[in-house]
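# Report on the structure
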Amino acid sequence: MANGTADVRKLFIFTTTQNYFGLMSELWDQPLLCNCLEINNFLDDGNQMLLRVQRSDAGISFSNTIEFGDTKDKVLVFFKLRPEVITDENLHDNILVSSMLESPISSLYQAVRQVFAPMLLKDQEWSRNFDPKLQNLLSELEAGLGIVLRRSDTNLTKLKFKEDDTRGILTPSDEFQFWIEQAHRGNKQISKERANYFKELFETIAREFYNLDSLSLLEVVDLVETTQDVVDDVWRQTEHDHYPESRMLHLLDIIGGSFGRFVQKKLGTLNLWKDPYHLVKENLKAGISICEQWVIVCNHLTGQVWQRYVPHPWKNEKYFPETLDKLGKRLEEVLAVRTIHEKLLYFLPASEEKIICLTRVFEPFTGLNPVQYNPYTEPLWKAAVSQYEKIIAPAEQKIAGKLKSYISEIQDSPQQLLQAFLKYKELVKRPTISKELILERETLLARLVDSIKDFRSDFETRCRGIPGDASGPLSGKNLSEVVNNIVWVRQLELKVDDTIKIAEALLSDLSGFRCFHRNAEDLLDQLKLYEQEQFDDWSRDIQSGLSDSRSGLCIEASSRIMELDSNDGSLKVHYSDRLVILLREVRQLSALGFVIPAKIQQVANIAQKFCKQAIILKQVAHFYNSIDQQMIQSQRPMMLQSALAFEQIIKNSKTGSGGKSQITWDNPKELEGYIQKLQNAAERLATENRKLRKWHTTFCEKVVVLMNIDLLRQQQRWKDGLQELRTGLATVEAQCPLAWQSKWEGPEDPLQYLRGLVARALAIQNWVDKAEKQALLSETLDLSELFHPDTFLNALRQETARAVGRSVDSLKFVASWKGRLPEAKLQIKISGLLLEGCSFDGNQLSENQLDSPSVSSVLPCFMGWIPQDACGPYSPDECISLPVYTSAERDRVVTNIDVPCGGNQDQWIQCGAALFLKTQ
């Protein structure tokens with residue numbers, strides 16, 4: 001470098017290049033580089049604005065231009081700010097240095113995104129002086145470069161889309177944005193639909209990741225679980241082409257990176273050595289949970305679940321987010337340091353030792369940020385921890401005896417002993433304290449050995465029983481027997497596993513540990529074997545049921561969806577409850593990590609496809625089968641038409657223009673339309689039933705109110721209540737049967753009703769007086785004076801039967817306008833009859849004239865009961881039997897009597913001739 005050493009300009013270029021490419025200094029001892037034409041042109045020619053440096057197999061090459069193919073390797077670019085010759089004075093004012101990695105698009109995008117956009121758009125001073133139009137252009141440039149980068153595969157000749165290329169995907173938000181862009185810009189419709197499907201799946205977590213820094217640590221703990229569900233759904237989907245494995249691997253990695261950076265940023269706001277312990281502990285535990293949970297998720301999905309998922313198996317080794325795992329372990333170490341410090345303070349007396357401990361214990365960590373984990377900070381952290389342990393060593397000696405005394409007081413209680421060791425686990429792990437507590441730890445080990453024996457005994461007692469029984473596995477809610485048994489044994493496994501972990505952490509140096517560990521592992525193996533046996537038995541039973549049409553596990557896509565049972569008329573859906581249970585079992589067992597056999601999975605997939613429609617149809621069927629129980633008995637006729645219309649839809653489950661073929665499961669469009677018709681009909685029927693039940697309740701309440709009204713003192717209230725009742729009846733009058741409406745009849749005028757009531761009461765008293773004097777049958781009687789005139793006529797019939805010595809059935813009722821009845825042993829003279837529809841002069845019926853009243857009085861007549869074989873006063877050929885009603889409303893018949901009509905009976909039937917009692 002004889003010629004270049006004195007040239008400060010070349011020294012600047014050489015030194016920068018050497019540092020950037022990591023070259024040894026010997027490479028520069030070549031006159032060729034010092035006399036390089038391209039370097040001289042860049043430095044000495046004001047028109048030459050650019051110098052490109054690139055490392056290749058042949059060494060370092062320089063050029064004054066950048067070719068498209070140069071972007072395959074790392075490129076370092078020197079370029080001028082102004083077209084000037086470079087001198088010692090303007091060297092650092094006129095040369096800009098930039099590097100390019102991967103592609104010019106990537107380099108420009110990252111420069112805009114990381115440097116220029118934040119400075120020009122977010123910095124108050126620069127954004128205030130930057131034209132808004134240019135701000136928009138810069139934002140559009142950033143967005144456009146991102147789109148190109150996320151969809152590009154850089155070649156020498158062209159840009160081509162390649163889904164496995166994830167170089168532009170640096171954050172989870174980039175991945176979510178990729179599928180949004182694909183959904184809008186895909187080349188084929190099927191590609192757009194697939195991208196839109198993934199976009200919708202990712203929408204569940206997209207907002208949270210976009211605003212990740214605004215979330216709390218506890219919120220991100222929940223986000224880890226939600227993210228697991230989303231990526232699992234993305235991997236397992238079978239609606240479209242599978243999600244690429246390399247892309248999923250990259251996604252899991254950048255999600256872990258995002259979680260790690262988030263944890264570091266949140267914990268970086270705390271002073272982990274000086275802030276209150278409870279605050280530090282809470283935040284560290286949340287950060288540890290985030291790291292641990294995502295490591296577990298990746299291990300569980302890529303190491304177990306996805307490797308066993310037959311439609312889309314994971315082919316690579318399981319993914320292990322090593323950096324995030326080590327960050328979590330670093331946080332655990334930080335928490336252990338703070339926890340040990342707190343425990344030491346608890347046991348140390350309030351003396352000089354405590355003051356020294358408070359002031360000096362964290363000095364080794366000064367200037368070290370413990371949450372910044374990387375291979376370069378690890379040696380510094382280990383050295384600081386070593387110094388920390390030396391500082392607390394004297395304090396450990398002092399508290400070992402106190403801790404020993406505390407534990408010895410409670411060692412007779414296994415539960416309290418275990419809790420004490422767990423509470424002071426960090427202290428017990430310390431070598432000094434662990435050695436001092438050897439007897440107490442031996443006692444704990446004996447207790448854990450007993451626990452393993454208890455677990456084994458409990459398992460062997462319950463494993464063959466029925467869930468929920470005293471001698472069977474404990475039962476959970478909404479779990480089938482197989483799932484319940486597996487969940488129960490998994491809980492036992494966790495207890496055994498926790499016991500092993502406690503022993504490994506605190507007791508591994510004891511002589512009895514190996515025997516304990518061997519027994520515990522044997523029990524774990526026994527539990528896992530039982531778990532697998534439960535699953536295998538379930539698999540065999542289900543696969544056996546698949547070949548049995550009566551098992552309820554068979555569903556044919558081309559079969560009818562529902563039909564009416566010919567025996568009991570109930571509506572049955574051809575989708576058994578056993579299928580619903582199977583779906584739940586498959587889902588739960590898959591979540592527990594089991595690989596579902598292909599045949600069972602296939603049936604479950606078919607059942608899942610129709611599950612939504614089947615549930616709706618079952619709801620409709622239940623409604624149809626139970627609606628009669630929801631109806632009030634007297635209202636059933638009112639709902640007949642709606643019920644028949646609903647039933648007609650069920651019976652006519654046909655499809656096609658001619659309605660010749662039945663609707664089946666594999667015709668989703670027709671099925672959806674049919675379900676909609678059923679739901680609408682069911683809703684109409686249910687609404688009508690609810691309305692009528694409501695009116696029924698309302699009417700009952702109003703009648704109760706009317707019954708409690710004083711008719712003499714509250715006449716207006718009676719009228720108002722009655723009017724409300726009639727108005728309500730008018731609302732449902734079109735549906736209301738006459739027989740049902742008549743139940744609500746009553747007087748509009750309470751005085752009229754009371755007068756009639758008093759008149760009948762007085763008349764009855766008069767009848768009683770005459771009967772006591774044996775003069776009742778000799779008087780002219782008015783049947784309208786009686787509450788129940790038909791009862792009086794029946795009593796007359798019974799008295800006549802006794803008088804003539806005949807049965808009541810051998811008598812017939814007759815009336816005569818000619819005079820007394822010679823054949824009747826007992827007879828009465830009746831007045832007060834009215835005739836409607838024609839006229840009667842005592843001899844025979846005649847038609848009404850134009851000026852005739854619609855209702856006319858009938859002359860008094862004699863009535864009585866005579867033998868069936870006796871001749872009446874009139875020939876049957878010249879009479880018509882007319883009903884006698886209690887009132888003009890013709891709602892209640894008292895009796896029927898023969899009235900002479902001249903022989904043409906049809907004429908009087910057509911004119912509606914009838915008799916009724918006068919109104920009191």
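Residues numbered from 1 in each chain as written. Predicted model: local features only at pLDDT ≥ 70, side-chain atom pairs only at ≥ 80, totals over all residues. Heavy atoms only, no water.

The protein chain goes by Dynein cytoplasmic 2 heavy chain 1 in an unreviewed UniProt entry, where it is assigned to Mandrillus leucophaeus.

On a plain count of helices and strands, the protein chain comes out with 30 helices and 19 strands. The burial tally for the protein chain puts 41% of its 920 residues in the buried class. Long-range pairs, those at least 24 residues apart, make up 67% of the contacts in the protein chain between residues at least 6 apart in sequence. Carbon together with sulfur atoms contributes 51% to the accessible area of the protein chain, which is approximately 50300 Å² in total. (Helix = DSSP H or I, 4+ residues; strand = E, 2+ residues; numbered from the N terminus. Buried < 20%, exposed > 50% of the residue type's maximum accessible area, 1.4 Å probe, protein only. Contact = heavy atoms within 4.5 Å. Areas by Shrake-Rupley, 256 points an atom, 1.4 Å probe, with all protein chains shown as cover.)

For the rest of this paragraph, the subject is a nonpolar patch on the surface. Where nonpolar side chains cluster on the molecular surface, the patch consists of Val115, Phe116 and Met119 and spans about 260 Å² of accessible area. With respect to the element layout, Met119 can be found in helix α5 (residues 104-122). The partly exposed category is assigned to Met119, whose relative accessible area is 40%. (Patch = residues over 30% accessible without salt bridge, like charges linked within 9 Å, V, L, I, M, F, W, Y side chains within 5 Å. Salt bridge = Lys/Arg side-chain N within 4 Å of Asp/Glu carboxyl O.)

Where helix α11 (residues 245-267) meets helix α13 (residues 322-347), the closest approach of the two axes is 10 Å, and the angle between their N-to-C directions is 25°. Accordingly, the angle class assigned to the pair α11 and α13 is roughly parallel. Handedness of the α11/α13 crossing: left-handed. Every residue of α13 that contacts α11 at Gly256, Phe259, Gly260, Val263, Gln264 and Leu267 is listed here: Leu324, Leu327 and Leu331. Residue classes in the contact of α11 with α13 are distributed as six nonpolar, three polar and no charged. (Axes fitted to C-alpha atoms, helices over the stretch in contact; angles between N-to-C directions. Parallel < 35°, antiparallel > 145°, perpendicular 65-115°, else oblique. Left-handed = near helix turned anticlockwise from the far one by under 90°. Nonpolar A, V, L, I, M, F, W, Y, C, P; charged D, E, K, R; others polar.)

This brings us to the pattern of salt bridges. One pass over the structure, following the stated rule, counts 24 salt bridges. Among the salt bridges present, the one from Glu531 reaches Arg490, with a minimum N-O distance of 2.8 Å. Placement of Glu531 in helix α21 (residues 513-545) and of Arg490 in helix α20 (residues 481-506) is noted, with a sequence separation of 41 residues between them. Residue Arg490 is classed as partly exposed on the basis of its relative accessible area, which comes to 25%. Arg806 is the partner of Asp869 in a salt bridge, and the nearest nitrogen-oxygen pair spans 3.9 Å. Of this pair, Asp869 sits in the loop between β16 (861-867) and β17 (879-885) while Arg806 sits in the loop between α29 (789-804) and β10 (811-816), and the two are 63 residues apart along the sequence. Exposure remark for Asp869: the relative accessible area of 61% places this residue in the exposed category.

Before going further, it helps to examine the sheet that holds β17. Read across the sheet, five strands follow the order β15-β12-β19-β17-β18 without closing on themselves; strand pairing throughout is mixed. The sheet is open, and its two borders are formed by β15 (855-857) and β18 (893-900), each paired with just one other strand. Strand-to-strand twist across the sheet, computed as the mean angle between neighbouring axes with direction ignored, equals 30°. Here three bridges tie strand β12 (residues 833-836) to β15, and the two strands are oriented antiparallel to one another. (Pairing = 2+ DSSP bridges.)

Time to look at the packing of aromatic side chains. A complete count under the given rule lists 30 aromatic pairs for this structure. Geometrically, the ring pair formed by Phe176 and Phe209 is edge-to-face, given 6.0 Å between the ring centres and 65° between the ring planes. One end of the pair, Phe176, is in helix α8 (residues 172-185); the other, Phe209, is in helix α9 (residues 189-210), and 33 residues separate them in sequence. Take Phe209: its relative accessible area is 6%, and that puts it in the buried class. Ring centres of Trp179 and Tyr243 lie 5.7 Å apart, and the angle between their planes is 45°; this geometry places the pair in the tilted category. Here Trp179 is found in helix α8, whereas its partner Tyr243 is found in the loop between α10 (217-236) and α11, with 64 residues between them in sequence. (Phe/Tyr/Trp six-rings, centres within 6.5 Å; stacked < 30°, edge-to-face > 60°.)

This part covers the environment of Asp790. Here Asp790 shows up in helix α29. When the C-alpha atoms of Asp790 and Val893 are compared, they prove to be 8.2 Å apart, with 103 residues separating the residues in sequence. Discounting residues that sit within four places of it in the chain, Asp790 has contacts with Arg892 and Val894.

Within the open sheet, the four strands sit side by side as β9-β11-β16-β10. Their pairing is mixed. The sheet is open, and its two borders are formed by β9 (780-782) and β10, each paired with just one other strand. Within the sheet, the average angular offset between the axes of one strand and its neighbour, ignoring direction, is 40°. Here α29 sits on the sheet and contacts β9, β10, β11 (827-831) and β16; the angle it forms with β10, its principal contact strand, is near 115°.

Moving on: the confidence of the model for the protein chain. Of the residues in the protein chain, 85% have a pLDDT of 70 or more, and the chain-wide mean is 81. Segment residues 152-160: pLDDT under 50, and 22 contacts once partners within four positions in sequence are set aside and those in other chains are kept. (pLDDT = per-residue confidence, 0-100.)

Contact pair helix α19 (residues 438-462) / α20: the axes reach a minimum separation of 11 Å and the direction vectors enclose 165°. As the angle between them shows, α19 and α20 are arranged roughly antiparallel. The interaxial crossing formed by α19 with α20 has left-handed handedness. Residues Arg441, Leu448, Ile452, Phe455, Asp458, Phe459 and Arg462 of α19 touch α20, and the partners they reach there are Trp488, Val489, Leu492, Lys495, Val496, Thr499, Ile502, Ala503 and Leu506.

This paragraph deals with the side chain of Glu245. By the element assignment, Glu245 lies in helix α11. Within the buried set, Glu245 has no salt-bridge partner at all; the shortest N-O distance to an opposite charge, 6.2 Å, is to Lys315. In terms of polar contacts, Glu245 uses its side chain to reach the backbone amide nitrogen of Asn316, at 2.8 Å. (Lys, Arg positive; Asp, Glu negative; His and termini not counted. Polar contact = N/O pair within 3.5 Å; in protein donor to acceptor, adjacent residues only side chain to side chain.)

Here we take up the side chain of Glu493. Following the sequence through the fold, Glu493 ends up in helix α20. A residue is classified by how much of its surface remains accessible, and Glu493, at 7% relative accessible area, is buried.

Looking now at a negative patch on the surface. A contiguous patch of negative charge, built from Glu219, Asp222, Glu225, Asp229 and Asp233, is present on the exposed surface. Counting through the fold element by element, Glu225 comes out in helix α10. For Glu225, a relative accessible area of 53% translates into the label exposed. (Charge placed at Lys NZ, Arg CZ, Asp CG, Glu CD.)

To continue, consider unusual backbone geometry. Positive phi values are uncommon outside glycine, yet Gln774 reaches one of about 60°. Inspection of the secondary structure assignment puts Gln774 in the loop between α28 (750-772) and β9. One non-glycine residue with positive phi stands out, namely Arg890, at about 55°. Within the fold, Arg890 resides in the loop between β17 and β18. Overall, Arg890 belongs to the partly exposed group, its relative accessible area being 30%.

A separate point is α9. Taken as a whole, α9 carries its principal kink of about 55° at Glu203. Within α9 the residues assigned to the buried category are Arg194, Ala195, Phe198, Lys199, Leu201, Phe202, Ile205 and Phe209. In the core, the buried residues of α9 are packed alongside α8, α10 and α11. (Bend = angle between axes of the 7 residues up to and from the residue.)

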